[in-house]
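Take a look at the letters that make up each chain.
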Amino acid sequence: MQKDTHLAASTSMAEFEELLQESFDLDTPSEGTVVKGKVIAIEAGQAIIDVGYKMEGRVDLKEFAQPGEQPSVNIGDEVEVFLRNVENARGEAVISREMAKREEAWDRLEKAYEREERVDGAIFGRVKGGFTVDLGGAVAFLPGSQVDVRPVRDAGPLMGLKQPFQILKMDRRRGNIVVSRRAILEESRAEQRAEVIGNLFEGQTIEGVVKNITEYGAFVDLGGVDGLLHVTDMAWRRVNHPSEILSIGETIKVQVIKINKETHRISLGMKQLQEDPWDTVERKYPYGSVHTGRVTNITDYGAFVELEPGIEGLVHVSEMSWTKKNVHPGKIVSTSQEVEVMVLEIDSQKRRVSLGLKQTQRNPWEVFAEQFPEGANVEGEVKNITEFGLFVGLPGDIDGMVHLSDLSWDARGEDAIQNYRKGDHVKAKVIEVDVEKERISLSVKAMENDPYAEAIGGVKRGGIITVAVTKIEDGGIEVEYEGMKSFIRRSDLSRDRAEQRPERFQVGDKVDVRVVSVDAKTRKLGLSIKAREIAEEKEAVEQYGSSDSGASLGDILGAALRGGDRG
C-alpha cells in the first residue's frame, strides 16, 4: 500500500516538473528572435528595456536613431529588440535594437523590392567603388555610377542626408543590397521633362540658359529640360564654333524648331528669330553685278566668300583664275582676304550663290589679241618642251605654242626642236589667237622668208620650167629647180613608152618639164615631161589643124615645127 502511494507521488511530481518546464518555455523568449520590450529607464546613454519574464537588457541610444536623424526614445515606449542571449555575466539579457531593426528592415525592403517601390536611406560611409547606405537598419551598397546622373566629384553634401533610393538587387542569404540614387533622379527628371515638354510647342519663343557648349552646338536649359541649339541654327552667317557667339551661363532667346515626343529631344534655333537675308538676295545681288566680299572658307574645290552676314557664295576653282588652272584655291586667295567677285548665278530655293573671281579681271587672251593681232611679232621664254612643240611664256601670264611644223622651213620639226632648251628666249610671229579656246599659235620659222616660196616664185600648176638632172635611178630621175629637188617617175619621162627610159638622160642635162602640182605643205613640185609633150601636142593641133580634117599627126607636127622655124 505504501509502495503504491509512493509511486503515485512520483508520477505527480514528474508531471508537475513537465508542466512547469512548459510554462518556462512559453514565458521565456527564444534566443535569436525578435521580442517586444518596454523602456523602463534611460541612463548613461543607454535605454533599459524589460523584455518580460523578469529579464532586462541595455541598448545604446544611438541604435534608436533613424538615418540622418537624432535618437528618439522615451520611457514607456514599446520597442522591438533582438534577443541574442537570455543572460550574460551580469544576469542581464543581451539585446540589440539594430539587429531587430535589421530583421524588420529586410522584411520591409523585400516587400518594397517586389513592388519596385522607393525606400528611404542615408549615405553614411565610403567604400571601394561607391558608398554605404543605411536603409533603416539594413546596410546597402551604392555604386559610384549610381550616385547621380553626372559624375559626382564631392559627395560630402550627400552624406547623412535622408533621401529616397531604388533597390536594384538584394540577396538576404548573403546580406547584399544594391541601391541607386541615380534611378530616382532620372525618374524625377523624366517627369519634370515631360511636364516642361508638355507646355512647349513648335514655333514658340522662349528664354533659356546656355548650359554646355560643344563643337556642333550648345545645350540650353529651358527650365528643367535641355534643348540642342545646333551651330547651323545660331546665325544666318557661317559660325565656325559656337563659342564665337555664346558663353556658358548666358541667357538667350530661342525658338522651338522641333519636339520629338518619343525621345523628348528638343531642337532650338536663334537665327529663326532674325530676318532671313535670303529673302532679298536676288534684288541685292543681280546677275553680273560685282561686289566686295570676305573669304570665309577654302576647300579643294573652291573658296566661300561672304557677301554679307548670312549670305555666302562659292567661287569654284574653275572661276578663280584665267591662267592658274591646276592649283589649289589656297594659293590664289587666303582666309579673311577681301576680294572682288562677280555674281554668276543665284538659286534662292537651294540658297546658293555662284561667284566668279576671274570675271572681275579682263580675259588675258582678249587683251593679248588686242595688243598682238595675227602677224605681230612677240618674244618670250620657253616654259615647256613637249613632243609636239614648244610652249612660250607671253605677256599676261599666258602661253603660246609653237608647233613642230612651225619651227623651221628646212629641218624636220623633230630635229629642229632639239635646238631648244627651257629658259631659252625665242622670237615668233602670232599665227592665230582663239580667245574662246584660250589658245595662241606661234611660228618661229615665219620670222624668216620661206625659201620655198622664194624659190618657186611665180611657178604655178600647168607652167613650164627648166630643171637640171641631178641623179639617174631605175624608177625615174631626180631633178633640181632653184635648189629644190623633185623626182620625175619613169612613166612621166615621155609620152612615148619606148622613150620612158631614165638612162637616156645624163646628170647635168637641162630638161623642160610641166608643173602638174604645187604642194605647199610638203614643199614639193610635181613635174612631168610626158605632160609637157601632151600639152604641146594639144596646142599644135589647136593651132595648125585637126586630124579630123584629113591632116595626119605628122603633117600637123611638121607644120608646127616649120611655124616654129619661121618664128
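Everything discussed here concerns the structure shown above.
How each quantity is defined
- Residues numbered from 1 in each chain as written.
- Predicted model: local features only at pLDDT ≥ 70, side-chain atom pairs only at ≥ 80, totals over all residues.
- Heavy atoms only, no water.
- Helix = DSSP H or I, 4+ residues; strand = E, 2+ residues; numbered from the N terminus.
- Buried < 20%, exposed > 50% of the residue type's maximum accessible area, 1.4 Å probe, protein only.
- Contact = heavy atoms within 4.5 Å.
- Areas by Shrake-Rupley, 256 points an atom, 1.4 Å probe, with all protein chains shown as cover.
- Pairing = 2+ DSSP bridges.
- Axes fitted to C-alpha atoms, helices over the stretch in contact; angles between N-to-C directions.
- Salt bridge = Lys/Arg side-chain N within 4 Å of Asp/Glu carboxyl O.
- Arc of directions from axis to C-beta.
- Polar contact = N/O pair within 3.5 Å; in protein donor to acceptor, adjacent residues only side chain to side chain.
- Core = buried A, V, L, I, M, F, W, Y, C linked by side-chain atoms within 4.5 Å.

Student: An account of the overall build of the protein chain is needed here, citing residue identities and associated values.
Tutor: Across its full length, the protein chain holds nine helices and 30 strands. Relative to its 567 residues, the protein chain shows a buried fraction of 37%. Of all intrachain contacts in the protein chain linking residues separated by at least 6 positions in sequence, the fraction that spans at least 24 positions is 57%. Split by element, the accessible area of the protein chain, about 34,100 Å² in all, is 46% carbon and sulfur.

Student: Tell me about the sheet that holds strand β29 (residues 510–519), and name the residues and values.
Tutor: Ordered by their spatial adjacency, five strands build an open sheet running β28-β27-β26-β29-β30, and the pairing between neighbours is antiparallel. The sheet is open, and its two edges are formed by β28 (484–489) and β30 (524–528), each paired on a single side. Across the sheet, the mean angle separating the axes of adjacent strands is 50° when strand polarity is ignored. As paired elements, strand β27 (residues 476–481) and β28 share six bridges and run antiparallel to each other. Across the sheet, residue Ile-477 finds its bridge partner in β28, namely Ile-488.

Student: Help me get a handle on the pattern of salt bridges, residues and values and all.
Tutor: Within the structure shown, the criterion is met by 21 salt bridges. We note a salt bridge from Arg-362 to Glu-370, for which the minimum N-O separation is 2.7 Å. Judged by its relative accessible area of 47%, Arg-362 is partly exposed. For Glu-370, a relative accessible area of 55% translates into the label exposed. Two residues, Glu-537 and Arg-495, come together in a salt bridge whose shortest N-O distance is 3.0 Å. Highlighted residues: Glu-537 in helix α8 (residues 529–544) and Arg-495 in the loop between β28 and β29, separated in sequence by 42 residues. Each of the salt bridges in this network shares a partner with another, and the network as a whole consists of Asp-107, Glu-110 and Arg-172.

Student: A description of the sheet that holds strand β21 (residues 377–386) should follow, citing residues and the corresponding values.
Tutor: Pairing within the closed barrel is mixed, and its five strands lie in the order β21-β22-β23-β25-β24. Neighbour-to-neighbour, the strand axes of this sheet turn through a mean angle of 50°, independent of strand direction. Bridge analysis of strand β23 (residues 398–403) against strand β25 (residues 439–443) gives two bridges, and the strand direction is parallel. Paired with Met-401 across the bridge in β25 is Ser-441.

Student: Any chance you could break down helix α5 (residues 364–371) for me, citing the residues and the numbers?
Tutor: Buried within α5 are the following residues: Pro-364, Trp-365 and Phe-368. For α5, the angular spread of the buried residues around the axis is 100°, confining them to a single face. Looking at the packing, one finds that the buried side of α5 touches β21, β22 (389–394), β23, β24 (425–434) and β25. The backbone nitrogen of Trp-365 has a side-chain oxygen 2.9 Å away, supplied by the residue at the start of α5, namely Asn-363.

Student: So what about the nonpolar core? Which residues, and what values?
Tutor: Core analysis: the largest hydrophobic core is formed by 24 residues, its most contacted members being Phe-368, Leu-394, Leu-407, Ile-440 and Leu-442. At the level of elements, α5, β21, β22, β23, β24 and β25 are the ones that each hand at least two residues to this core. Ignoring sequence-local partners within four residues, the contact set of Leu-442 consists of Val-378, Val-392, Leu-394, Gly-400, Met-401, Val-402, His-403, Asp-406, Ala-428, Lys-429, Val-430 and Ile-431. Within the second largest apolar cluster, 22 residues are counted, among which are Leu-200, Leu-222, Leu-246 and Val-254.

Student: Break down the pairing of strand β2 (residues 46–52) for me, with residues and values.
Tutor: As paired strands, strand β1 (residues 33–43) and β2 are joined by five bridges and run antiparallel to one another. Across the sheet, the residue bridging to Lys-38 is Asp-50, located in β2. Hairpin connection between β1 and β2: a loop of two residues separates the two successive antiparallel strands, and Ala-44 in this loop has a positive phi of roughly 50°.

Student: Tell me what's going on with the side chain of Ser-528, and back it up with residues and numbers.
Tutor: Relative to the helices and strands, Ser-528 resides in strand β30. The class of Ser-528 is buried, set by a relative accessible area of 2%. In terms of polar contacts, Ser-528 uses its side chain to reach the side chain of Asp-492, at 3.1 Å. Engagement of the side chain of Ser-528 in a polar contact is seen with the backbone nitrogen of Lys-530, the distance being 3.4 Å. Sequence-distant contacts of Ser-528, defined by excluding residues within four places in its chain, comprise Ile-488, Asp-492, Val-513, Arg-514 and Val-516.

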